[in-house]
Amino acid sequence: MSEKKARLSIDGIDEPIELPVYAGSTGPDVVDVRSLVGQGVFTYDPGFVSTAACDSDITYIDGGAGVLLHRGYPIEQLAEKSNFLETCYLLLNGELPAADEREVFENTIRYHTMVDEAIHQFFRGFPRTAHPMAMLCGVVGALSAFYHDNLDIDNSEHRLLAAHRVIAKMPTLAAMCYKHGMGQPFMYPQNSMGFAENFLHMMFGTPCEEPKVSPVLAKAMDTLFLLHADHEQNASTSTVRLAGSTGTNPYACIASGIAALWGPAHGGANEAVLDMLYEIGDESRIEEFIKRAKDKDDPFRLMGFGHRVYKNYDPRATVIRGICDEVLEELGSENDPLLRIAKKLEKIALEDEYFIERKLFPNVDFYSGIILKAIGIPTSMFTVIFATGRTPGWIAHWHEMLSESYRIGRPRQLYKGYTKRDYPG
Ligand code: ACO
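In this text the structure is predicted, and so the values were computed from the model without any measurement.

Trainee: Just to check I follow, could you spell out the site of the ligand for this structure?
Mentor: The environment of the ligand is formed by 21 residues, the closest being Arg301, Leu302, Gly304, Phe305 and Tyr354. Side-chain polar atom of Asn363 to an oxygen atom of the ligand: 3.0 Å apart, as the coordinates give it.

Okay, structure coming up:
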């Protein structure tokens, strides 16, 4: 166990409290504060800025250096050499698959993409105008009704089956959210297609036409899913872990992750980037917006810039910037005015003292909205795409937590309300 110790002196407690310090395989050490409760003291860390809530082998981020590793593999290498499904396998199982394992995994996912026909009825109950995230949250939670009975969460095989089901069904459900809003028939998944290709087919195909998906766009979509696959203990993943720590079923856990992702501070930022670029409207107005972003009396922030963890270029943003050019070239929109504004904005901000001093760099959302818009995906679907990509991360963390000994997550508080008082009269 730990050799290193931290000592905490608290006024009113005679002896310093000795706390073990643990080292990870890389990254900051952690001080184990679990024994403090026995001394009648809690730690206070709103926003979990300095708190590790678990240990994990899945993903490592060094925000200062701009590094993101899944099971040790850099995200840039995975984006170049791997694909989304292989990365799903890696996150879930800890190692890249051998050729036969890859084939079995891909087939397993392929044969779980259909959803129960009764799910179609759920969609019919939603108004046409419903936000796709509202529908996604509801239908993913509803999967519990179909698969809960034969699920033993303490059985690793059952957990993996649930993981395969949810990864496979997310693109089908995501496309159904879009089709419902459009008033178009739902498209069934095609077993002959790859993961991202199938998603684009279910989004944009109709029964009136032969299936046809551009390989360039399918590859771009696959890479976008891959880049969102996991990001260690972010707000939605922590939500999935907390829900899972009660022993609830995985579909309910993923639905809670989707709900947490929906917020603009988390999954909604790529939509905000696009709104901002539209608002800027012309390269001549960039300086004006940069000035506003720096003005402390103006609530405006440069959307797609800055990150709680990355104090360097978000490595996912570098990859996405490259895909952006490929997608726009494929679609013949290289001169897209929004892309021109985005590139110039990025250049000016990266040379500006305000952004340099605060280590504010483009994050993953800066370019992803431009790609999604170019592919024809409406902004209301952006967070749904993010959720589809993040599903393997959520489910891998849930699986990892249940594979080890865990306790129900139950934070403490600093109580500042009334002390005991009597009911009047
Ligand atoms: N534009 C202008 N100034 C900024 C920006 C920005 N985008 N981001 C941070 N700052 C400034 C802050 O005003 C603050 O300045 P000060 O030190 O003079 O007060 C300083 O940089 C530090 O910012 P914090 O808000 O303390 O950083 P925090 O880690 O809490 O916030 C966040 C990170 C929420 C991402 C923030 O940078 C932001 O709002 N960015 C824009 C929204 C965005 O792109 N979100 C996507 C995040 S990625 C994701 O969720 C997948």
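Trainee: Looking at this model, I keep getting lost on the sheet that holds strand S3 (residues 30–31). Mind explaining?
Mentor: In any sheet, the strands associate via hydrogen bonds between backbone groups, in a parallel or an antiparallel arrangement. Read across the open sheet, the three strands follow the order S1-S2-S3; overall the sheet is antiparallel. Of all the strands in the sheet, the pair left with one neighbour each is strand S1 (5–8) and S3.

Trainee: Quick question: what am I supposed to make of helix H13 (residues 315–330) here?
Mentor: Count 3.6 residues to each turn of an α-helix, and residues three or four apart come out pointing the same way. Taking 1.5 Å of rise per residue, 16 residues should cover 22 Å, and H13 covers 24 Å from first to last C-alpha, within 8% of that figure. Here H13 has its buried residues at Pro315, Arg316, Ala317, Val319, Ile320, Ile323, Cys324, Val327 and Leu328. Tucked into the core, H13 has its buried residues touching strand S5 (67–70), helix H1 (75–81), helix H8 (215–227), helix H14 (337–350), helix H16 (365–375) and helix H17 (382–403). Phi turns positive, to about 70°, at Gly332, one or two residues after H13.

Trainee: Just checking my understanding: could you explain H8 for this structure?
Mentor: Its 13 residues give H8 an end-to-end C-alpha distance of 18 Å, which sits within 8% of 18 Å, the value for a rise of 1.5 Å per residue. Here H8 lies mainly inside the structure; ten of its 13 residues are buried. Of all the positions in H8, only Leu217, Ala218, Ala220, Met221, Asp222, Thr223, Leu224, Phe225, Leu226 and Leu227 are classed as buried. Summarising the contacts, the buried residues of H8 are in contact with H1, helix H2 (84–93), helix H7 (195–204), H13, H16 and H17. For H8, the side-chain oxygen to backbone nitrogen distance between the N-cap and Val216 is 3.2 Å, and the N-cap itself is Ser214.

Trainee: What is the right way to read the nonpolar core from this model?
Mentor: Side chains of a nonpolar character, in soluble globular proteins, are inclined to be buried together. Within the largest apolar cluster, 116 residues are counted, with the highest numbers of intra-cluster contacts made by Leu136, Leu173, Met221, Ile258 and Leu302. Apart from the residues within four sequence positions on either side, Leu173 is in contact with Val115, Ile119, Phe123, Leu136, Val139, Val140 and Leu143.

Trainee: What should I look at first to understand the pairing of strand S4 (residues 59–62) in this one?
Mentor: In the case of a regular strand, side chains alternate between the two sheet surfaces. Residues of S4 alternate between two faces, with Thr59 and Ile61 buried on one and Tyr60 and Asp62 left unburied on the opposite face. Alignment of S4 against S5, held across four bridges, turns out to be antiparallel. Note on S5: the bridge partner recorded for Tyr60 is Leu69. Hairpin connection between S4 and S5: a loop of four residues separates the two successive antiparallel strands, and Gly66 in this loop has a positive phi of roughly 70°.

Trainee: I'm lost on the environment of Asp62 in this one. Help?
Mentor: Looking at where Asp62 falls in the secondary structure, it is placed in strand S4. Take Asp62: its relative accessible area is 28%, and that puts it in the partly exposed class. Once the C-alpha coordinates of Asp62 and Tyr310 are considered, the two residues, 248 residues apart in sequence, prove to be 7.4 Å apart. At 3.1 Å, the side chain of Asp62 forms a polar contact with the backbone nitrogen of Gly64.

Trainee: Before we go on, may I ask you to explain the packing of aromatic side chains in this structure?
Mentor: Centre distance and the angle of the planes are the two values used to describe a pair of aromatic rings. Counted under the stated rule, the structure contains 17 aromatic pairs. Ring geometry for Phe195 versus Phe225: centroids 5.8 Å apart, planes at 80°, classification edge-to-face. Taken as a pair, Phe195 in helix H7 and Phe225 in helix H8 lie far apart in primary sequence, 30 residues in all. For the residue pair Phe195 and Phe225, the accessibility class agrees, reading buried in each case. In textbook terms, an aromatic cluster arises when at least three aromatic residues are bridged by ring pairs, as seen for Phe305, Tyr354, Phe355, Phe366 and Tyr367. Across the ring face of Tyr418, the terminal group of Arg421 is positioned such that the distance to the ring centre comes to 3.4 Å.

Trainee: Looking at this model, I keep getting lost on a negative patch on the surface. Mind explaining?
Mentor: Together, Glu326, Glu329, Glu330 and Glu334 line one region of the surface with negative charge. One can find Glu330 in helix H13. Since its relative accessible area comes to 39%, Glu330 is described here as partly exposed.

Trainee: I tried to follow the environment of Leu274 on my own but got confused; where do I start?
Mentor: Along the chain, Leu274 turns up in helix H11 (residues 269–280). A sequence separation of 96 residues divides Leu274 from Ile370, and the C-alpha atoms of the two residues are 6.9 Å apart. The contact partners of Leu274, leaving out residues within four places of it in the chain, are Leu338, Gly369, Ile370, Lys373, Thr379 and Phe382.

Trainee: How should I be thinking about the pattern of salt bridges in this particular structure?
Mentor: Should the charged atoms of two oppositely charged side chains come close, the side chains can pair. The tally for this structure, following the rule as stated, stands at 17 salt bridges. With its nearest N and O atoms 2.8 Å apart, the salt bridge here joins Lys294 to Asp352. Of this pair, Lys294 sits in helix H12 (residues 286–294) while Asp352 sits in the loop between H14 and helix H15 (353–357), and the two are 58 residues apart along the sequence. Residue Lys294 is classed as partly exposed on the basis of its relative accessible area of 31%. The class of Asp352 is buried, set by a relative accessible area of 14%. The structure contains a network of salt bridges with shared partners spanning Glu279, Arg292 and Asp298.

Rules and cut-offs
Residues numbered from 1 in each chain as written. Predicted model: local features only at pLDDT ≥ 70, side-chain atom pairs only at ≥ 80, totals over all residues. Heavy atoms only, no water. Near = heavy atom within 4 Å. Polar contact = N/O pair within 3.5 Å; in protein donor to acceptor, adjacent residues only side chain to side chain. Pairing = 2+ DSSP bridges. Helix = DSSP H or I, 4+ residues; strand = E, 2+ residues; numbered from the N terminus. Expected span 1.5 Å × (residues − 1). Buried < 20%, exposed > 50% of the residue type's maximum accessible area, 1.4 Å probe, protein only. Contact = heavy atoms within 4.5 Å. Core = buried A, V, L, I, M, F, W, Y, C linked by side-chain atoms within 4.5 Å. Phe/Tyr/Trp six-rings, centres within 6.5 Å; stacked < 30°, edge-to-face > 60°. Lys NZ or Arg CZ within 6 Å of the ring centre and 35° of its normal. Patch = residues over 30% accessible without salt bridge, like charges linked within 9 Å, V, L, I, M, F, W, Y side chains within 5 Å. Areas by Shrake-Rupley, 256 points an atom, 1.4 Å probe, with all protein chains shown as cover. Salt bridge = Lys/Arg side-chain N within 4 Å of Asp/Glu carboxyl O. Lys, Arg positive; Asp, Glu negative; His and termini not counted. Charge placed at Lys NZ, Arg CZ, Asp CG, Glu CD.

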